[in-house]
Amino acid sequence: NAGVTQTPKFRILKIGQSMTLQCAQDMNHNYMYWYRQDPGMGLKLIYYSVGAGITDKGEVPNGYNVSRSTTEDFPLRLELAAPSQTSVYFCASSNQDGGANVLTFGAGSRLTVL
Amino acid sequence: DAKTTQPTSMDCAEGRAANLPCNHSTISGNEYVYWYRQIHSQGPQYIIHGLKNNETNEMASLIITEDRKSSTLILPHATLRDTAVYYCIASSRGGATNKLIFGTGTLLAVQP
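Since this is a predicted model, take the numbers as computed values, not measurements.

Caption draft 1: Summary view of the overall build of chain B. The helix and strand tally for chain B stands at 0 helices and 9 strands. For chain B, the succession of helices and strands along the chain, N to C, is β-β-β-β-β-β-β-β-β. Its C-alpha atoms give chain B a radius of gyration of 13 Å, near enough to 13 Å, the size a compact globule of 112 residues would have. Of all intrachain contacts in chain B linking residues separated by at least 6 positions in sequence, the fraction that spans at least 24 positions is 57%. As presented, chain B carries roughly 5,600 Å² of accessible surface, and 50% of it is formed by carbon and sulfur atoms.

Caption draft 2: Spatial organisation of the pattern of salt bridges. Scanning the model with the defined rule gives 3 salt bridges over all chains in all. The shortest N-O distance in the salt bridge between A:R77 and A:E79 comes to 2.9 Å. When its relative accessible area of 34% is taken as the criterion, A:E79 is described as partly exposed. In this structure, the salt-bridge partner of B:R37 is B:D82, at a minimum N-O distance of 2.8 Å. With B:R37 in strand 3 (residues 31-38) and B:D82 in the loop between strand 7 (70-75) and strand 8 (84-92), this residue pair connects regions lying 45 residues apart in the sequence. B:D82 matches B:R37 in its accessibility class, with the two residues each being buried.

Caption draft 3: Broad picture of the side chain of A:S87. Residue and element names in this part refer to chain A. Tracing the backbone shows S87 in strand 9 (residues 87-94). Taking relative accessible area as the criterion, S87 reaches 5% and is therefore assigned buried. At 2.8 Å, the side chain of S87 and the side chain of D38 are in polar contact.

Conventions and cut-offs
Residues numbered from 1 in each chain as written. Chains lettered and ligands numbered in written order. Predicted model: local features only at pLDDT ≥ 70, side-chain atom pairs only at ≥ 80, totals over all residues. Heavy atoms only, no water. Helix = DSSP H or I, 4+ residues; strand = E, 2+ residues; numbered from the N terminus. Rg over C-alpha atoms; globule rule 2.2 N^0.38 Å. Contact = heavy atoms within 4.5 Å. Areas by Shrake-Rupley, 256 points an atom, 1.4 Å probe, with all protein chains shown as cover. Salt bridge = Lys/Arg side-chain N within 4 Å of Asp/Glu carboxyl O. Buried < 20%, exposed > 50% of the residue type's maximum accessible area, 1.4 Å probe, protein only. Polar contact = N/O pair within 3.5 Å; in protein donor to acceptor, adjacent residues only side chain to side chain.

Nothing here speaks to function; it is all geometry.
Pasting the structure below:
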């Protein structure tokens, strides 16, 4: 049981390039989330999904796209990378359990845009 | 979801109890209080959550005041490995939009 797996761990992009951050979970969780964390700051929610085929915007969705074709995978795509997207990205998943929402996080993907 | 307020930082001596406060004065009756922690750039780790009653697990205890306007996370015997940023979050139970919004948390420094 690997939990939540994120790839790559590190990536450097040039301005204007595109890339996809991968996230996979093997816990059969319905909910999945993408957060970003800038240096010295808390986590900001980018996008989330409540199940396959359903996604919705979080606090900071501009410049990103997501898809959820399977329960296990929730990739985050960056189009036209900008320096403001330099951050650490965390994927998380959860299941509702008696109303509570307990998230399991991945180890993070550190992205630098130059 | 209710806004939470935490001190920016706290110190604690190794082996002593660490008591981390959180104010959530606008919390509604259907909102849980969650605690997570983040150790040096790792992914956040779930600690504990509660609705009305005090809760205890193998990691910590959560004390919620009777009016639910504040809570305290207690690490009974802090170790150096407990040095981390601790996040207190209030979020509605259930529903398709039950997403957790993280603030800036409390940096707990456990001193030898």
